[in-house]
Amino acid sequence: MITDADVDVVLPCLNEAEALPWVLARIPAGWRALVVDNGSTDGSGEIARALGATVLHEPRRGFGAACHTGLTAATAEIVCFCDCDASLDPAQLEPFVREVRSGAADLVLGRRRPQRRGAWPAHARAGNLALAGLLRRRTGLRLHDLGPLRAARREPLLALGLTDRRSGYPLQMVVRAAAEGWRVAEHDVPYLPRTGASKVTGTWRGTWQAVRDMSRVLNEAPVGERTAR
């Protein structure tokens, strides 16, 4: 049975001072928020700490670097991931955790459903759909989104040996999970306009970099081939 200490939520954070109060207030009661400060200059770390979060510091810039620092610092049985920009509600993770807890799925992902115009720019959505199609061809998983809201058990996640430290981290998690035969589920979640300036999906350059990082992950050799070399 999951107790209060059995869920850690990893929140990669880069200059999210405006969003943090809302995000942290939405963490389910008893769960631990692990805010990974990825070089913020707006006092995000201090704000998060004052609001009761555990704050970690990852000086190497990159979404994957921040996520993996949070994962390796986690101690709970189940680890969740959520963006820290108020575009996603961490309270939506509760049914994800129940599904992992029951054994119905090994990895549960949130399929983002924009709630307002501008929540998900067209170029970012197009890039995500293209990558989801490539993922289906690579793994057979019929997923529609590679979003950051997700839950899984900590020890199996660590055993995947994730190496990407940039935007490819979420995709690499799914690719390697599929290679290990994990049961992957996907559920709709509301997607809101982010608070503050976007570092990735709000810009063409950021989206292109993310697509390039994820394409590199898709071109990785399968696990068996890598270990045989």
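Basis of the calculations
Within any chain, residue numbers begin from 1 and follow the written order of that chain's sequence. Local features in this predicted model are restricted to residues whose pLDDT is 70 or higher, and side-chain atom pairs enter the listing and the counts only when it is 80 or higher, whereas totals over whole chains, interfaces and linings include all residues. Only hydrogens and water are set aside when side-chain values are computed; all heavy atoms of the structure are taken into account. Counting from the N terminus, the helices are DSSP H or I runs at least four residues long and the strands are E runs at least two residues long. For each residue, the accessible area found with a 1.4 Å probe, counting protein chains only, is set against the maximum for its type, and the residue is called buried under 20%, exposed over 50%, and partly exposed in between. Any pair of residues with heavy atoms lying within 4.5 Å of one another is described as a contacting pair. Per-residue accessibility takes into account occlusion by the displayed protein chains alone, with areas from the Shrake-Rupley method and a 1.4 Å probe. One requirement defines pairing of two strands: DSSP has to find at least two bridges between them. Lines are fitted to the C-alpha atoms to define the axes, a helix being fitted only along its stretch in contact, and any angle between axes, read from their N-to-C directions, falls within 0 to 180 degrees. The rule for a salt bridge is simple: a side-chain nitrogen of Lys or Arg has to be within 4 Å of a carboxyl oxygen of Asp or Glu. When charges are tallied, Lys and Arg are placed among the positive residues and Asp and Glu among the negative ones, while His and the ends of the chain are skipped. Pairs of N or O atoms within 3.5 Å make up the polar contacts considered here, provided that, within protein, one atom can donate a hydrogen while the other can accept it, and that residues adjacent in sequence are counted only when both atoms are side-chain atoms. pLDDT measures how confident the predictor is about each residue, on a scale from 0 to 100. Each C-beta atom gives one direction from the helix axis, and the arc is the one those directions make.

A. Expanded view of the overall build of the chain. Counting secondary structure elements, the chain contains nine helices and seven strands. Within the span of the chain, comprising 229 residues, buried residues form 53% of the whole. Restricting to contacts in the chain with at least 6 residues of sequence separation, those with at least 24 account for 75%. As presented, the chain carries roughly 10,600 Å² of accessible surface, and 51% of it is formed by carbon and sulfur atoms.

B. Geometry of the sheet that holds strand E7 (residues 184–191). The mixed open sheet is built from seven strands, whose spatial order is E3-E2-E1-E4-E6-E5-E7. Of all the strands in the sheet, the pair left with one neighbour each is strand E3 (54–57) and E7. Taking the axes of each pair of neighbouring strands and ignoring which way they run, one obtains an average angle of 20 degrees across the sheet. For strand E5 (residues 107–114) and strand E6 (residues 150–153), the ladder comprises three bridges, and the chain directions are antiparallel. In the sheet register, valine 108 faces E6, and the bridge partner there is alanine 151. Across the sheet, helix H3 (residues 63–73) is in contact with strand E1 (7–13), strand E2 (32–37), E3 and strand E4 (78–81); its angle to E1 comes to roughly 155 degrees. Sheet contacts for helix H4 (residues 93–102): E1, E4, E5, E6 and E7; angle to E6, the most-contacted strand, approximately 25 degrees.

C. View of the pairing of E3. Sheet topology note: the E2/E3 ladder contains four bridges and is parallel. By the bridge assignment for E3, valine 35 is matched with valine 55.

D. The pattern of salt bridges, seen in detail. Evaluated as defined, the whole model comprises 10 salt bridges. Ionic pairing is found between aspartate 188 and arginine 113, a salt bridge with its closest N-O pair at 3.3 Å. Pair noted here: aspartate 188 is in strand E7 and arginine 113 is in strand E5, with a separation of 75 residues, a long-range link. Residue class for aspartate 188 comes out partly exposed when judged on its relative accessible area of 47%. By relative accessible area, which is 35% here, arginine 113 ends up partly exposed. Three or more residues are tied together by salt bridges with common partners; here these are Glu16, Asp85 and Arg194.

E. Structural view of the side chain of arginine 150. Following the sequence through the fold, arginine 150 ends up in strand E6. Buried and unpaired, arginine 150 has no salt bridge, with aspartate 145 as the nearest side chain of opposite charge at 7.4 Å. Among the polar contacts made by the side chain of arginine 150, one reaches the main-chain carbonyl oxygen of glycine 147 at a distance of 2.7 Å. Setting aside its immediate chain neighbours within four residues, arginine 150 contacts Val79, Cys80, Phe81, Leu93, Phe96, Leu107, Val108, Leu109, Pro170, Met173 and Val174.

F. Representation of the confidence of the model for the chain in the model. This prediction gives the chain a mean pLDDT of 87; 83% of its residues lie at or above 70. Between residues 224–229, whose pLDDT stays under 50, and residues either more than four places distant or in other chains, the model counts four contacts.

G. H3, seen in detail. In terms of burial, H3 is a largely internal element, eight of the 11 residues being buried. Taken together, the buried positions of H3 are occupied by Gly64, Ala65, Ala66, Cys67, His68, Thr69, Gly70 and Leu71. Buried-residue contacts for H3 involve E1, E2, E3, E4, helix H6 (154–159) and helix H7 (169–179).

H. Spotlight on the side chain of aspartate 89. Secondary-structure assignment places aspartate 89 in the loop between E4 and H4. For aspartate 89, the side chain forms a polar contact with the side chain of arginine 26, separated by 2.7 Å. A distance of 2.9 Å separates the side chain of aspartate 89 from the backbone nitrogen of alanine 91, its partner in a polar contact. With near-sequence residues (within four places) excluded, aspartate 89 lies in contact with Trp22, Arg26 and Leu149.

I. Expanded view of the environment of alanine 29. Tracing the backbone shows alanine 29 in the loop between helix H1 (20–25) and E2. By relative accessible area, alanine 29 is classed as exposed at 74%.

J. Fine view of H4. Taken as a whole, H4 has its buried residues at Leu93, Phe96, Val97, Glu99 and Val100. Axial view of H4: buried residues confined to an arc of 160 degrees, hence all on one face. Those residues of H4 that are buried are in contact with E1, E4, E5, E6 and E7. Glycine 103 lies just past H4 and shows a positive phi near 90 degrees.

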